[in-house]
Amino acid sequence: MNIQLKPDEISALLRRQMQTADRAVDIAEFGTVLSVGDGVARVDGLTGVMYNELVETEDGVAGLALNLEEDSVGIAVLDDVTRVREGDMFRRTKRVVSVPVGEALVGRVVDALGRPLDGKGPILTETWLPVEGFSPSIIERKNVCEPLQTGILAIDALTPIGRGQRELIIGDRKTGKTTLAIDAILNQAGKGVHCFYVAIGQKLSTVSSLHKLLTEHGAMAYTTIILANASEPAPLQYLAPYTGCAMAEYWRDRGGHALAIYDDLTKHAQAYRQMSLLLRRPPGREAYPGDIFYLHSRLLERAAKMSDEKGGGSLTALPIVETQANDISAYIPTNVISITDGQIFLEAGLFHEGQRPAINPGISVSRVGGDAQVKAMKQAAGPLRVVLAQYRELEAFMRFSSDLDANTVEQLAVGRSLMHVLRQPPNQPVAVHKQVAVLYAGTKKAFTKVPELRLREAMKALYDAIDMRELGQAYTARFEAKPVLDDELKGMLETLIEETVNKYRKS
């Protein structure tokens, strides 16, 4: 039986078929896992994949495309590697690794991919940024000219940090490096600085106690913790500081101020070395790959003080590097020292002598210098470095000599009292007007006749007088209006010192 179709029926049928022919087709590029082990998978078939692109398995395991070879792709697995088996399929996402940024991150604890770890629910934000951003150009930058007060007397006086600076904190393990960074965060309360603490390869118990401390002081109201602990895969430890930097850049590029702490870059370099060796990249000095310098330079160069045309925002970086036996000439320390704008060197010997923070004033330096200090601090701390250098030299000489003249004895007493003035308990930042007062008293030899056991008491009396007495409140108001050590301010300070410190002196 033949069916006769009319021409108009045929054209209507063809028209209906053509209307459905342009429907979107979901085309995804897949690759097959050839081998997997030690957190690295070799995948065949992802011919169009980009460097640093995020790829996923059907089970949702994330991976990072790092080695783009001719016959295969080397992928660092970002999740549990035991969930990836030979023959599994990795699918391209066609986007580089990006993380959520903005207000939704404030007060949260997240991993290196921006996923919440604090049990406070999902992070609700529509703004995402790639973890590998571009550092601002020379034209977009401005000289560091605004102080970032840490509240730590030894740092604000000797190695001042400015907004937009990169200041390295370096020293042996257990010398107080993290304590300095946490004190800097605590001192940013009410100053409009968003803080980002990146914990790389640390114990969960350490980060937990740190989170508790920040919460108790109210600092989590402006802080985000990015955690890649010691049990996390090396690729997550590698990504963590870039994640923290991207989150901080969000505020910098909108005219705000951010502080990023990378604790620490030694473990970061070790995680990258582990990844590189597993990806069969050629090793160099100490088995680190050839691009180990670029690893940290492209991270730290993103810290900047932006020009007024770009909003005047800033991103300040405080990288931490651990040394072995005070050896700052090792590979990673010298690399990071050459990238940063100065270093704060914590010496184990000073730490064990009871000098806390154990900052060595001879090796520690800030290449921004007085540009990151208010004028009164610059005036008060001016002679400090020279006096301390002379004291350390005389102290070494004194061990071989018992007969000292009166001038040398006085110099030793002044230096010893100043070293005690620079001692400070942890988690107790001091406001800049109080720092100037106690430094002025120290350099004017007000503490030389105070017994060492009562020196802390005398300093507290001076701080209390500034807080409670009428003259102290007048000094604070005058300092905030015009922070310059002129005759008026000096007169107020000398009266306060006379009324508070003198009663602690030996007769």
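One can find the structure itself at the top, above this paragraph.
These notes cover the structure that comes with them. (Residues numbered from 1 in each chain as written. Predicted model: local features only at pLDDT ≥ 70, side-chain atom pairs only at ≥ 80, totals over all residues. Heavy atoms only, no water.)

### A closer look at the sheet that holds strand 1 (residues 30–37)
Stated formally: By this definition, two strands are paired if DSSP reports at least two bridges between them. Helix and strand definitions follow DSSP, with helices as H or I runs of at least four residues and strands as E runs of at least two, each counted in order from the N terminus. All axes here are fitted lines through C-alpha atoms, helices being fitted over the stretch that makes contact, and every angle between N-to-C directions spans 0 to 180 degrees.
An order of 1-2-5-4-3-6 is seen for the six strands of this closed barrel, with the pairing classed as antiparallel. The sheet shows a mean angle of 45 degrees between the axes of neighbouring strands, taken without regard to direction. The sheet contact formed by strand 2 (residues 40–44) and strand 5 (residues 73–77) spans four bridges and is antiparallel. Pairing of Ala-41 across the sheet is with Ile-75, part of strand 5.

### Re the pairing of strand 10 (residues 168–171)
Heads up, the condition is: To sort residues, take the accessible area from a 1.4 Å probe on protein chains only and compare it with the maximum for the residue type: under 20% means buried, over 50% means exposed, and anything in between is partly exposed.
Side-chain alternation along strand 10 places Leu-168 and Ile-170 on one buried face and Ile-169 and Gly-171 on a second face that is also buried. Sheet topology places strand 10 next to strand 16 (residues 342–346); four bridges connect them, and they run parallel. In the strand pairing of strand 16, Gly-171 is matched with Leu-346. Where strand 10 and strand 15 (residues 314–322) come together, three bridges link them in parallel fashion. Bridge pairing links Ile-169 to Ile-320 in strand 15.

### Description of the nonpolar core
Put simply, the rule is: The set of buried Ala, Val, Leu, Ile, Met, Phe, Trp, Tyr and Cys residues whose side-chain atoms join them within 4.5 Å is what this entry labels a nonpolar core.
Judged by nonpolar contacts, the single largest core of 81 residues is most densely connected at Ile-185, Leu-214, Leu-259, Phe-447 and Tyr-475. Counting 59 residues, the second largest nonpolar core, distinct from the first, contains Val-110, Leu-113, Ile-226 and Val-336.

### Quick word on the packing of helix 13 (residues 432–443) against helix 16 (residues 487–500)
Put simply, the rule reads: Our angle categories are set so that under 35 degrees counts as roughly parallel, over 145 as roughly antiparallel, 65 to 115 as roughly perpendicular, and the remainder as oblique. Working rule for contacts: check all heavy atoms of both residues, and any pair within 4.5 Å makes them a contact. Gly counts as polar in this scheme, as do all residues outside two lists: the nonpolar Ala, Val, Leu, Ile, Met, Phe, Trp, Tyr, Cys and Pro, and the charged Asp, Glu, Lys and Arg.
One way to put it is that helix 13 packs onto helix 16 with a least axis distance of 10 Å and a crossing angle of 75 degrees. By the angle between their axes, helix 13 is roughly perpendicular relative to helix 16. Contact with helix 13, carried on its side by Ala-437, Tyr-440 and Ala-441, involves Lys-490, Leu-493, Glu-494 and Ile-497 of helix 16 and no other residues of that element. When the residues that make up the contact of helix 13 with helix 16 are grouped by side-chain class, the tally is five nonpolar, no polar and two charged.

### A look at the layout of surface pockets
How we decide: Buriedness of a pocket was judged along seven lines, with at least five required to meet protein on both sides within 12 Å; pockets are open sets of points on a 1 Å grid over the protein atoms alone, cavities are sets where a 1.4 Å probe fits but cannot get out, and lining residues have an atom within 4 Å of a point. Grid points are joined across faces, edges and corners, and a volume is the space filled by probe spheres set on the points.
There is about 910 Å³ of room inside the largest pocket. Contributing to the lining of the largest pocket are 31 residues, with Lys-174, Lys-177, Thr-178, Thr-179 and Thr-206 lying nearest its centre. Contributing elements (two or more residues each) for the lining of the largest pocket: helix 3 (177–186), helix 4 (204–216) and strand 15. Per-element tally for the lining of the largest pocket: the top contributor is helix 3, with six residues. Of the residues assigned to the lining of the largest pocket, the class counts are 11 nonpolar, 10 polar and 10 charged.

Function-wise, these values are silent; they only describe arrangement.
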